[in-house]
Amino acid sequence: MAGLILKNLTKVYDGSQQKSVDNFCLDIEDKEFIILVGPSGCGKSTTLRMIAGLEEITSGELYIGDKLVNDVSPKDRDIAMVFQSYALYPHMTVFENMAFGLKQKKVPRDEIKRRVSEAAKILDIEHLLDRKPKALSGGQRQRVALGRAIVREPKVFLMDEPLSNLDAKLRVQMRAEIGKLHQRLQTTFIYVTHDQTEAMTMGTRIVVMKDGIIQQVDTPQNLYDKPVNMFVAGFMGSPQMNLIEANLVQEGEGVYLVFGSNRVKLPESKLNDAVKDHIGQTVVFGIRPEDIHDDEAFVSTFPDAIINVDVDFSELMGAETYLYLVADGNKFTARVNPRTTAKTGDSIKVAFDLSKLHIFDKDTEGVLTN
């Protein structure tokens with residue numbers, strides 16, 4: 001087993017002035033499940049490929065365990081990679097696909113059989129070992145691709161969007177399977193995805209990337225509750241956080257967020273020095289959909305948190321309803337109880353849970369208070 005140290009990893013492709021990955025620094029502990037997440041083109045797959053040795057490192061240092069591996073070939077790094085496309089050999093059976101890498105390494109036949117049987121049992125594909133890939137479903141093929149990685153017993157598993165070709169139901173199932181697999185194998189996992197739901201549900205820590213640069217590294221809950229900037233706040237969470245420009249105004253003893261004809265009073269818990277320094281300026285406040293309430297009990301209890309909105313659209317999701325709201329030209333999404341009486345075209349009052357408010361500097365986009 002092994003941890004990894006990524007020290008100032010940078011990647012610039014030939015003929016490009018742009019850094020695909022820019023000074024990427026991260027210490028990954030042994031047996032950790034690290035997720036690299038971000039929009040397309042943010043550099044997450046390039047980072048993974050540098051770890052695998054499939055991309056040359058322009059500058060920086062990469063250690064697996066205590067060994068510098070910048071110039072070590074992929075086959076000698078003791079890693080296994082699972083790709084988005086399953087990359088199975090169509091003319092080989094499942095057993096042969098899983099055993100192929102071990103045969104190349106001249107592992108004894110009995111040992112190959114033992115490892116393949118164990119991996120097949122873990123992944124519940126023992127009954128598929130004699131089939132060829134064309135006779136398998138997408139989920140089964142992905143299990144075979146995982147099995148081929150498991151049999152190698154590597155120090156580090158690398159996974160590049162392995163679930164993106166599966167349908168929604170299978171993705172949920174396979175997320176759970178990969179989580180259980182990590183607990184069972186007790187090996188370091190590094191997993192790339194653009195799907196923040198995958199990131200939130202699977203990783204022990206998440207690395208959020210944008211334009212080749214790390215924005216924040218933290219636990220899933222901390223990323224959700226304490227984003228360091230507007231990008232992380234808007235990227236993590238579905239539906240995403242509402243981000244609205246407002247004037248920060250002091251009136252008497254109170255400090256208010258004013259936008260259009262609406263105003264909400266900041267609680268004392270949000271009035272740190274950074275926020276006070278921005279009084280009289282335009283800021284951006286963030287509120288998550290589940291922290292906007294339309295039920296009478298909440299609205300009547302918090303008069304300082306009420307805003308007037310029009311219901312642009314109502315979307316019943318079964319266990320919850322999404323209300324798409326408009327207030328003075330500003331659009332909000334609220335996630336409310338499915339028994340809400342609000343309908344498309346209604347004008348209603350909603351209230352924010354102000355303890356869950358986030359405020360950001362408009363220019364730097366950095367957080368002022370969570």
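This one's a predicted model, so the numbers in the text were calculated from it and none came from an experiment.

1. Re unusual backbone geometry
That bond from S238 to P239 is cis: its omega, -5°, falls within 30 degrees of zero. Along the chain, P239 falls in the loop between α8 (230-235) and β11 (242-251). Residues other than glycine seldom take positive phi values, yet K106 does so here, at roughly 60°. In this fold, K106 is placed in the loop between α2 (94-104) and α3 (109-123).

2. What about the packing of α2 against α3?
α3 packs onto α2 with a crossing angle of 135° between their chain directions and a minimal axis gap of 10 Å. As judged from the angle between their axes, α2 and α3 are oblique. When you trace α2 past α3, the crossing you get is right-handed. Where α2 approaches α3, its residues F95, M98, A99, L102 and K103 are matched on the opposing element by I112, K113, R115, V116, A119 and A120. Its residues assigned to classes, the contact of α2 with α3 comprises eight nonpolar, no polar and three charged.

3. Here we look at the nonpolar core
A general feature of soluble globular proteins is that nonpolar side chains tend to end up buried together. Counting residues in each nonpolar core, the largest one holds 45 residues, and the members touching the most others are M98 and I178. Once you skip the residues sitting within four places of it in the chain, I178 turns out to touch F33, L146, M159, L163, F189, Y191 and M202. In terms of nonpolar packing, the next biggest core, distinct from the first, is built from 35 residues, F259, V264, V275 and L323 among them.

What counts, and where the lines are drawn
- Along each chain, residue indices are assigned from 1 in the same order as the chain's sequence is written.
- In keeping with the model being predicted, local features are shown solely for residues with a pLDDT of at least 70 and side-chain atom pairs are shown and tallied solely at 80 or more, while totals for entire chains, interfaces and linings include all residues.
- As a convention, hydrogens and water are excluded, and side-chain values are obtained from all of the structure's heavy atoms.
- The numbering of helices and of strands both runs from the N terminus, where a helix is a DSSP run of H or I of at least 4 residues and a strand a run of E of at least 2.
- Throughout, an axis means a line fitted to C-alpha atoms (over the contacting stretch in the case of helices), and angles, computed between N-to-C directions, take values from 0 to 180 degrees.
- Oblique is the label for any angle not covered by the other classes, which are roughly parallel (under 35 degrees), roughly antiparallel (over 145) and roughly perpendicular (65 to 115).
- Crossings are assigned a handedness: left-handed for a near helix turned anticlockwise from the far helix by less than a right angle, right-handed for a clockwise turn.
- The criterion used for residue contact is that any of the two residues' heavy atoms lie within 4.5 Å.
- Residues are grouped as follows: Ala, Val, Leu, Ile, Met, Phe, Trp, Tyr, Cys and Pro are nonpolar; Asp, Glu, Lys and Arg are charged; every other residue, Gly included, is polar.
- What we call a nonpolar core is a set of buried Ala, Val, Leu, Ile, Met, Phe, Trp, Tyr and Cys residues that are connected through their side-chain atoms within 4.5 Å.
- When a residue's accessible area, from a 1.4 Å probe over protein chains only, is under 20% of the maximum for its type it is buried; when over 50% it is exposed; and in between it is partly exposed.

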